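# Breakdown of the fold
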Amino acid sequence: MKIRIQFSKHGVMKFIGHLDIMRYFQKAMRRAGIDIAYSGGFSPHQIMSFAAPLGVGMESDGEYMDIEVHSHQGASAMQEALNAVMADGIRILSVRALPDKTPNAMASVAAAGYLVRFRDGYVPDFLNKDTLMRFYEKSRIPFLKKTKKGEHMLDLKPSVYELNFDQGAVYMLVDASSSGNIKPGAVMEALYREYGEELPQFALEITRLETYYRKAGEVPEFVPLREAGEDFS
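Residues numbered from 1 in each chain as written. Predicted model: local features only at pLDDT ≥ 70, side-chain atom pairs only at ≥ 80, totals over all residues. Heavy atoms only, no water.

Take the environment of Tyr114 next. Tracing the backbone through its elements, the reader meets Tyr114 in strand S5 (residues 109-118). For Tyr114 and Met188, which are 74 residues apart along the polypeptide, the C-alpha to C-alpha distance reads 12 Å. What Tyr114 contacts, discounting residues up to four positions off in sequence, is Met58, Val170, Tyr171, Met172, Val174, Pro184, Ile206, Thr207, Arg208 and Leu209. Reaching out from Tyr114, the side chain makes a polar contact with the side chain of Arg208 at a distance of 3.3 Å. (Helix = DSSP H or I, 4+ residues; strand = E, 2+ residues; numbered from the N terminus. Contact = heavy atoms within 4.5 Å. Polar contact = N/O pair within 3.5 Å; in protein donor to acceptor, adjacent residues only side chain to side chain.)

Now the structure itself:
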């Protein structure tokens, strides 16, 4: 049986990298007594995959992983067992069963929603709802991407699906697929440069609110990954 688990990551756990989170959950499955399935071969490992790695320093309420189990005592019992062994800062938010042909979480990811707040003393003077909307309504959002191989200019506009400003924070819905993953920091950096400023290194506090798959149809519709599953007992 395939299971999709949604979890949150807050507090000091935001400084734990993706590989360590994977190892953490492998141990947590054993401590919680989850009858998780293992791969075959000479080096069996738990059948477990994660949706989209979260950058170090970011918090989240929209993290997902898929596992396979041989047996279970229901979604509520599994959620309670896992939460009983979770460290402070990580919480299991939902446990749902996946239909057999559902693509795994990593392959399903199409978009992610982020809330960007500013640390005390770092709120930019230029930023308000009007300036953010003028930025978003531009035909192009240029961004200079720097890698070990050099620099090249990107247009972020096709990958930013929504941008809003409310109560001093910026909400954005952006492409999070493997082929076009956009970091929220890149959007904010482009915004600052649009108004003649450089983004300070420690200005932002970023929370991933949700991770989405794209529902088939003529009109694009983004749906939380948990909605691909169903309750079970």
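Relative to the helices and strands, Asp100 is located in the loop between strand S4 (90-98) and helix H3 (105-108). Residue class for Asp100 comes out exposed when judged on its relative accessible area of 68%. Expressed as a C-alpha distance, the spacing of Asp100 and Ala186, which sit 86 residues apart in the sequence, is 37 Å. (Buried < 20%, exposed > 50% of the residue type's maximum accessible area, 1.4 Å probe, protein only.)

Per the counting criterion, the structure on display carries one cavity of 30 Å³ or more. Together, Phe7, Lys9, Gly17, His18, Ile21, Phe50, Ala51, Ala52, Pro53, Leu54, Glu63 and Tyr64 line the largest cavity. Secondary structure elements with two or more residues in the lining of the largest cavity: strand S1 (2-9), helix H1 (18-31) and strand S3 (59-68). Residue classes in the lining of the largest cavity are distributed as eight nonpolar, two polar and two charged. (1 Å grid on protein atoms, 1.4 Å probe; cavity = no way out; pocket = protein on both sides within 12 Å on 5 of 7 lines; lining within 4 Å. Points joined across faces, edges and corners; volume = space filled by probe spheres on them. Nonpolar A, V, L, I, M, F, W, Y, C, P; charged D, E, K, R; others polar.)

Attention shifts here to helix H5 (residues 184-194). Buried within H5 are the following residues: Pro184, Ala186, Val187, Met188, Ala190, Leu191 and Tyr192. Elements that come into contact with the buried residues of H5 comprise S5, helix H4 (129-136), strand S6 (142-147), strand S8 (160-166), strand S9 (169-175) and strand S10 (204-215).

Taking 1.5 Å of rise per residue, 14 residues should cover 20 Å, and H1 covers 20 Å from first to last C-alpha, within 8% of that figure. The set of residues buried in H1 consists of Ile21, Tyr24, Phe25, Ala28 and Met29. Each buried residue of H1 sits inside an arc of 140 degrees when the element is viewed along its axis, so together they form one side. Those residues of H1 that are exposed and aimed more than 90 degrees away from the buried face are Leu19 and Arg30. For H1, the elements touching its buried residues are S1, strand S2 (48-50), S3, helix H2 (75-83) and S4. (Expected span 1.5 Å × (residues − 1). Arc of directions from axis to C-beta.)

Let us look at the pairing of S1. Within S1, seven of the eight residues are buried, which leaves it mostly tucked inside the rest of the structure. When S1 meets S4, the two strands line up antiparallel, connected through eight bridges. Among the inter-strand pairings, Arg4 is bridged to a residue of S4, identified as Arg96. Judged from the seven bridges that link them, S1 and S3 form a sheet pairing that is antiparallel. Considered in S3, the bridge of Ile3 is made with Ile67. (Pairing = 2+ DSSP bridges.)

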